[in-house]
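# Secondary and tertiary structure notes
So you can see what is in the structure, the chains are spelled out below.
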2 protein chains.
Amino acid sequence: MWRINCTSVNEPTGVYLGIFLELLSKSGSAKARFEAFLTRKDGEPSLVSAKRTGVHLFHRNNDQFGWPQFVKVMDLATDFVRDGVITFLCSIMVWHHSGGIPVPPSDIGENLGMLLDSTDGADVSFAIDGETFHAHRAVLAARSPVFRAELLGSMAEATMPSITLLDIAPETFIVLLRFMYTDAFPGDDELGDSSSKMLQNLLAAADRYGLDRLKLICAHKLWGAMSVDTVADVLACAEMYSCPELRDKCIDFVVADKNFKRVALSEGFMQLGQNFPSIIAEVRSRVGT
Amino acid sequence: MWRINCTSVNEPTGVYLGIFLELLSKSGSAKARFEAFLTRKDGEPSLVSAKRTGVHLFHRNNDQFGWPQFVKVMDLATDFVRDGVITFLCSIMVWHHSGGIPVPPSDIGENLGMLLDSTDGADVSFAIDGETFHAHRAVLAARSPVFRAELLGSMAEATMPSITLLDIAPETFIVLLRFMYTDAFPGDDELGDSSSKMLQNLLAAADRYGLDRLKLICAHKLWGAMSVDTVADVLACAEMYSCPELRDKCIDFVVADKNFKRVALSEGFMQLGQNFPSIIAEVRSRVGT
């Protein structure tokens, strides 16, 4: 395991920030190259600030390597402080002993995905809109606090072999179920044509079942594909299903000068105003009317 | 997803190998810096061969960037070909849109680890040497083909609520069980003082339960800590529990000039000779007697 340490040191010429890479290992040494640089105010990497080590052999027992005087604190304010924060970007390139025995990557998601596909040992099923889905209580309970309460607690579902779900579409449940088993999200191609709608449905389902990471994946993807045509719907979804990260981004998007006129006059936004007056109040205070 | 492409191009000045980084995405673009270099014959990185791009914006739809003439084929033989193979080392540094919604890393192992700790919904238990361990059939069946056959098949264990295991120590089973739930391996500190013995026991258990990845992790760690004092035991373990990757490395280690004399005269090696004459035959043919 590696740790990045940031230090500050007082020199006659001023205060400097230092940055170091440290190997946290009691047993093995490792060869690595470390590179660090700062992010400019505009969010772009500042390649002129970059420093990189050669290939350094890090010994066991917390050997560290880097620069005690990476940057002078005085020089930070003009170019690098954004919202009171400076951001370092670091890369670590580690040499694996070419003579070692390679270890394949984690396959727990793949293993559970195969269990889902086989339905071997399934001990619960879900009936949705005429379709039946088989699953394993232990996996659902591990992944979702809501399923845990429903399937292992004292609720009626805990002893029912088949549970009927009314508040979710089969195609949404398929993605939800596979995500719970594999932690994998389908590719953009597999989400179908109306992927924004699908992502909104999934976000709602993730909220319903307490799958926080899935919710943020949906939010991340909805934000990545944001447009003046979708923002009102997405904002309503974020508000309704408690996703403050996405809600705030949507409001930023709406109030941005280049978007505001087109969004404000869209049908979706009018509807949003009717259903969520508090959002309109927030937009109003942001645009300063 | 990224792909690294290697090309060859015929120029008046000779044949060149090219290397390119390609973004495989139908939806998003991404900013990245790509660096590539060759590995020297002795396995060390050749920093003089290194080339790196600036920060390049890769557009959706398979945009690629790199060097059509990375290296002249004629120049490879002297410095870079090892066992008929050349090895490129590449690093890709990707800029995440600082304005995006961050997605936390996969937590499926953590979730299952918490299920193991809570024992909620456990439907099987193991009795080992007076200790009892609770577990979930679905998880064990997903991870181990042997548990799958035992727990979900037609064997007697499939209906037994408690299973007695005689061929494994409790401390080994604890690590095995946690690995099945979390895909995580304990730190070197947690393995105890005689970690080589523990790793050998774990490798044996991984073989018994068909946990191939765990077996390779044990092999990787045993190889990383290999010494003239441990190699005979480790070689016997690799032979007995069918780990050819580790077995071959051990034999390489034994026949190396700097180790051979000390290993050949050790007590462990004498014992190995008695139990596994085929290994001695292989060592004999390798040292050319």
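Going along each chain's sequence as written, the residues are numbered from 1 onward. Key to labels: chains lettered from A, ligands numbered from 1, both in the order written. Per-residue local features of the predicted model are confined to residues with pLDDT of at least 70, and side-chain atom pairs are confined, for both listing and counting, to 80 or more; whole-chain, interface and lining totals are unaffected and use all residues. Computation of side-chain values: all heavy atoms of the structure, hydrogens and water removed.

For the record, the criterion: UniProt positions are given in the numbering used here, feature names are shortened, and annotations may be inferred rather than shown by experiment.
Per an unreviewed UniProt entry, the recorded name for chain A is BTB domain-containing protein, and the organism is Digitaria exilis. Here is the UniProt Sequence similarities (unreviewed entry) comment for chain A, exactly as written: "Belongs to the Tdpoz family." Quoted verbatim from the Pathway (unreviewed entry) field of the UniProt record, the comment on chain A reads "Protein modification; protein ubiquitination."

### A closer look at the overall build of chain A
To be explicit about the condition: What counts as a helix is a DSSP run of H or I of at least four residues, what counts as a strand is a run of E of at least two, and both are numbered from the N terminus. Here the radius of gyration uses the C-alpha set of atoms, whereas the globule reference equals 2.2 Å times the residue count to the power 0.38. Buried means the residue's accessible area, taken with a 1.4 Å probe over protein chains only, is under 20% of the maximum for its type, while exposed means over 50%, and partly exposed covers the values in between.
Each helix and strand in chain A was counted, giving 12 helices and 10 strands. A compact globule built from 289 residues should have a C-alpha radius of gyration of about 19 Å, whereas chain A, at 25 Å, is more than 25% larger. Each of the three principal axes of chain A carries a C-alpha extent, and together these read 75 × 60 × 35 Å. Residues classed as buried in chain A amount to 44% of the 289 residues present.

### Focus on unusual backbone geometry
Peptide bonds are trans in most cases, and residues, glycine excluded, mostly fall at negative phi. Residue and element names in this part refer to chain B. Backbone geometry places aspartate 129, a non-glycine residue, at a positive phi of 55°. Residue position: aspartate 129 is located in the loop between β8 (124–128) and β9 (131–135). Owing to a relative accessible area of 71%, aspartate 129 belongs among the exposed residues under this scheme.

### Describing the interface of chain B and chain A
Under the convention used in this document: The criterion used for residue contact is that any of the two residues' heavy atoms lie within 4.5 Å. In short, buried area is how much 1.4 Å probe accessible area vanishes from two parts on joining, totalled over both. Salt-bridge detection follows one rule: a side-chain nitrogen of Lys or Arg within 4 Å of a carboxyl oxygen of Asp or Glu. Contacts described as polar in this section are N or O atom pairs within 3.5 Å, which, within protein, must combine one atom able to donate a hydrogen with one able to accept it, while residues neighboring in sequence count only if both atoms come from side chains. Each residue gets one label: Ala, Val, Leu, Ile, Met, Phe, Trp, Tyr, Cys and Pro are nonpolar, Asp, Glu, Lys and Arg are charged, and the others, such as Gly, are polar.
With 58 residues of chain B in contact, the opposing surface of chain A contributes 58 residues. Counting the surface chain B buries against chain A, the share from its top three residues, Ile101(B), Ile108(B) and Arg213(B), is 15%. Across the chain B-chain A interface, the total number found is 8 salt bridges. Residues Glu35(B) and Arg33(A) are paired through a salt bridge, measuring 2.7 Å at the closest nitrogen-oxygen approach. The tally of links between chain B and chain A comes to 24 residue pairs in polar contact (both at pLDDT 80 or more). Classifying every residue of the side of chain B that touches chain A gives 28 nonpolar, 13 polar and 17 charged.

### Description of the nonpolar core
The criterion, for reference: To define a nonpolar core, start from buried Ala, Val, Leu, Ile, Met, Phe, Trp, Tyr and Cys residues and group those joined through side-chain atoms within 4.5 Å.
Core analysis: the biggest nonpolar cluster contains 132 residues, and Leu140(A), Phe173(A), Leu246(A), Leu140(B), Phe173(B) and Leu246(B) have the highest contact counts within it. Not counting the four nearest positions on each side in its chain, Leu140(A) is found in contact with Val124(A), Phe126(A), Ala135(A), Phe147(A), Leu151(A), Leu177(A), Met180(A) and Tyr181(A).

### Let's talk about the packing of aromatic side chains
Residue and element names in this part refer to chain A. Operational definition: Ring pairs are drawn from Phe, Tyr and Trp, using the six-membered ring of Trp, whenever the two centres fall within 6.5 Å, and their geometry is named by plane angle: stacked under 30 degrees, edge-to-face over 60, tilted for the rest. Whether a charge lies above a ring is judged from NZ of Lys or CZ of Arg, which has to be within 6 Å of the ring centre and within 35 degrees of the ring normal.
Applying the stated criterion across every chain yields a total of 20 aromatic pairs over all chains. Every member of this aromatic cluster is reached through a ring pair, and the members are Phe126, Phe133, Phe147, Phe173 and Tyr209. Above the plane of the ring of tyrosine 209 lies arginine 208, whose end atom (NZ or CZ) is 4.5 Å from the centre.

### A look at the pattern of salt bridges
All names here are of chain B. As enumerated under the stated definition, the model contains 34 salt bridges over all chains in all. Across the salt bridge formed by glutamate 35 and arginine 52, the nearest N and O atoms sit 3.7 Å from each other. Here glutamate 35 is found in strand β3 (residues 30–39), whereas its partner arginine 52 is found in strand β4 (residues 45–52), with 17 residues between them in sequence. Look at arginine 52 and you get partly exposed, because its relative accessible area is 32%. A salt bridge links aspartate 167 to arginine 208; the nearest nitrogen and oxygen atoms lie 2.8 Å apart. Taken together, the residues aspartate 167 in the loop between β10 (162–164) and α5 (170–182) and arginine 208 in helix α6 (residues 195–208) connect sequence positions 41 residues apart.

### A look at the relation of the copies chain B and chain A
Filter applied, for reference: The least-squares superposition of copies is restricted to C-alpha atoms, and to residues with a pLDDT of at least 70 in both copies.
Overlay of chain B on chain A (RMSD 0.3 Å): rotation 180°, translation along the axis 0.2 Å. Seen this way, the second copy is the image of the first under a two-fold rotation axis. The rotation axis passes nearest to the C-alpha of Ala138(B) in chain B, at a distance of 3.3 Å. In this assembly the copies share their binding face: 100% of the residues contributing to the interface of chain B also contribute to that of chain A.

### Overview of the sheet that holds strand β1 (residues 2–11) of chain A
Residue and element names in this part refer to chain A. Filter applied, for reference: If DSSP finds at least two bridges between two strands, the strands pair. Structural elements are reduced to axes, namely lines fitted to C-alpha atoms, with helices fitted over the stretch in contact, and the angle between N-to-C directions of any two is expressed from 0 to 180 degrees.
If you walk across this open sheet you meet the 3 strands as β1-β2-β6, and the pairing is antiparallel. The open sheet has two edge strands, β1 and β6 (64–72), and neither has a second partner. Sheet twist, expressed as the mean angle between neighbouring strand axes with direction ignored, is 20°. The pairing of β1 with strand β2 (residues 14–23) spans 10 bridges and is antiparallel. For glutamate 11, the partnering residue across the bridge sits in β2 and is glycine 14.

### Some remarks on the side chain of His56(B)
Residue and element names in this part refer to chain B. Tracing the backbone shows histidine 56 in strand β5 (residues 56–58). Judged by relative accessible area, which is 17%, histidine 56 ranks as buried. When residues no more than four places from it in sequence are discounted, the contact partners of histidine 56 are Ala30, Lys31, Ala32, Asp63 and Phe65.

### Considering the environment of Glu239(A)
Structurally, the position occupied by Glu239(A) is in helix α8 (residues 231–240). Discounting residues that sit within four places of it in the chain, Glu239(A) has contacts with Arg247(A), Phe276(A), Ser278(A) and Ile279(A).

### Describing the sheet that holds strand β9 (residues 131–135) of chain A
All names here are of chain A. The 3 strands lie next to each other as β9-β8-β10, forming an open sheet whose pairing is mixed. The sheet is open, and its two borders are formed by β9 and β10 (162–164), each paired with just one other strand. With direction set aside, neighbouring strand axes in the sheet form an average angle of 25°. In the sheet, strand β8 (residues 124–128) pairs with β10 via 3 bridges, with the strands oriented parallel. Looking across to β10, one finds that serine 125 is bridged to serine 162.

### Some remarks on the pairing of strand β4 (residues 45–52) of chain A
Residue and element names in this part refer to chain A. Relative to β4, strand β3 (residues 30–39) is paired through 4 bridges, and the arrangement is antiparallel. Residue pairing in the sheet places glutamate 35 in a bridge with arginine 52 of β4. Counting the residues between successive antiparallel strands, the hairpin from β3 to β4 contains 5 residues, one of them, glycine 43, with a positive phi of roughly 90°.

### What about the side chain of Asn5(A)?
All names here are of chain A. Position of asparagine 5 among the secondary structure elements: in strand β1. The class of asparagine 5 is buried, set by a relative accessible area of 16%. Looking at asparagine 5, its side chain comes within polar contact range of the side chain of glutamine 64, at 2.8 Å.

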